[in-house]
Amino acid sequence: MTGMVQTKAEWLGQIDSKQMNYFSSTGEHVEIKEEGNDKSVLSGQSQVDASIHGGRNTWPLQLNLHVEKLADWLENYEY
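Structural notes, computed from the coordinates. Everything numeric here is computed off the predicted structure, so don't read it as measured data. (Residues numbered from 1 in each chain as written. Predicted model: local features only at pLDDT ≥ 70, side-chain atom pairs only at ≥ 80, totals over all residues. Heavy atoms only, no water.)

## Here's the deal with the overall build of the protein chain
A count of helical and extended segments in the protein chain gives one helix and three strands. Secondary structure of the protein chain in N-to-C order comes out as α-β-β-β. Taking the contacts inside the protein chain whose residues are at least 6 apart along the sequence as the reference set, 36% of them involve residues at least 24 apart. Approximately 6600 Å² of the protein chain is accessible, and the part contributed by carbon and sulfur atoms is 52%. (Helix = DSSP H or I, 4+ residues; strand = E, 2+ residues; numbered from the N terminus. Contact = heavy atoms within 4.5 Å. Areas by Shrake-Rupley, 256 points an atom, 1.4 Å probe, with all protein chains shown as cover.)

This is the structure in structure tokens:
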């Protein structure tokens, strides 16, 4: 949101210490695009209401999630 680069551990630490608080997120323009039989990309934007180091705002965020099927175990699973 701020452009600051940090590790996952630093980010989680700031959430734990309440330096960052997330209140809500609203998804917008979510799309799933198949890239072959075993790969897909989920893309979307969201509006995230958060307090970052004392300043609260609603930030527009972009998400691109790349997924790949690695095994057929679920297709053969009996419920």
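This is not the end of the story, as more comes after the structure.
## Side note on a nonpolar patch on the surface
Among the surface-exposed residues, Trp11, Leu12 and Tyr22 lie close enough to one another that they form a single nonpolar patch of about 270 Å² accessible area. Judged by its relative accessible area of 36%, tyrosine 22 is partly exposed. (Patch = residues over 30% accessible without salt bridge, like charges linked within 9 Å, V, L, I, M, F, W, Y side chains within 5 Å. Salt bridge = Lys/Arg side-chain N within 4 Å of Asp/Glu carboxyl O. Buried < 20%, exposed > 50% of the residue type's maximum accessible area, 1.4 Å probe, protein only.)

## Quick look at the sheet that holds strand 1 (residues 20-34)
Taken in spatial order, the three strands of this open sheet run 1-2-3, and their pairing is antiparallel. If you trace the sheet from one side to the other, it starts and ends with strand 1 and strand 3 (55-68), each paired once. Pairs of neighbouring strands in the sheet enclose a mean axial angle of 20°, with direction left out of account. Summarising the sheet, strand 1 and strand 2 (residues 39-52) pair through 12 bridges and their orientation is antiparallel. (Pairing = 2+ DSSP bridges. Axes fitted to C-alpha atoms, helices over the stretch in contact; angles between N-to-C directions.)

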